[in-house]
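The primary structure of each chain is shown beneath.
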Amino acid sequence: MKSLVILSVVLFAVPLVLTLSEDEIKYLTKLANRCANKTQSPASDVKHLIDKDRPIERSTKCLYACMYELFGIINKEGNYAPQAIKDLAKLTHVERPEIRDLLVEIADECVNIRDEDRCELASKIVDCAIKAAEERNIDYREL
């Protein structure tokens, strides 16, 4: 369960997540491959997700959307659910409250993101999180 929680926060594209272990990367890859099959995304999209690349291509955006739906970041109504990030941050960063608080802050900053298209919504969530991290002089790829 801890791996699932950590991976959910990683997918939010916030740079202050824990560094993934080899087992966590394998698990994330397994889930991403499942979503890739569902969304008919190429294997290169899975690599983009694992590498925390900003989704550019539609197929990559849809892969992110599928993963976000798995973790409740995009809810059943097709909306961004920032509470999912807040709940996950509380579980993963018990010993690092400054990171937990930053994740909550960023989740709140992105609260108004909307899009009818689930793939575009996922892309906008990533863009918002990256922008919020960069405004704090944090490189989202570093961690």
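The model shown is predicted, which means the values in this text are computed figures rather than measured ones.

The rules behind each value
Counting restarts for each chain: residues are numbered from 1 in the order of the written sequence. Only residues with pLDDT of at least 70 get local features here, since the model is predicted, and only at 80 or more are side-chain atom pairs given and counted; chain-wide, interface and lining totals rely on the full set of residues. Side-chain metrics in this entry use all non-hydrogen atoms of the structure; hydrogen atoms and water are not considered. How sure the predictor is of each residue is captured by pLDDT, a score from 0 to 100. Numbered from the N terminus, helices here are DSSP runs of H or I no shorter than four residues, and strands are runs of E no shorter than two. Should any heavy atoms of two residues lie within 4.5 Å, those residues are considered in contact. Side-chain atoms within 4.5 Å are what join buried Ala, Val, Leu, Ile, Met, Phe, Trp, Tyr and Cys residues into a set we call a nonpolar core. Working definition: with a 1.4 Å probe on protein chains only, accessible area under 20% of the residue-type maximum means buried, over 50% means exposed, and in between means partly exposed.

Chemist: Please give an account of the confidence of the model for the chain that cites residues and values.
Modeler: Scored by pLDDT, the chain comes out at a mean of 83, with 83% of its residues at no less than 70. Looking at the elements of the chain, mean pLDDT is at its lowest for helix H1 (residues 2-11), recorded as 53, and at its highest for helix H4 (residues 58-71), recorded as 94. Under a pLDDT of 50 for its full length, residues 13-18 has, in the predicted model, 26 contacts with residues more than four places off or in other chains.

Chemist: Pulling in residues and values, what's your account of unusual backbone geometry?
Modeler: Among all residues save glycine, negative phi is the norm, and among peptide bonds the norm is trans. One non-glycine residue with positive phi stands out, namely Gln 40, at about 60 degrees. Assignment of secondary structure puts Gln 40 in the loop between helix H2 (22-39) and helix H3 (43-50). The phi dihedral of Asn 137 is positive, around 60 degrees, even though this residue is not glycine. Tracing the backbone through its elements, the reader meets Asn 137 in the segment after helix H7 (118-135).

Chemist: Please set out the nonpolar core residue by residue, giving values where relevant.
Modeler: Leu 49, Met 67, Tyr 68, Ile 73, Ile 74, Tyr 80 and Ile 125 are the most contacted members of the largest nonpolar core, which totals 35 residues. For this core, the secondary-structure elements that each account for two or more residues are H2, H3, H4, helix H5 (82-92), helix H6 (97-109) and H7. A total of nine residues in this core trace back to one element, the largest contributor, which is H7.

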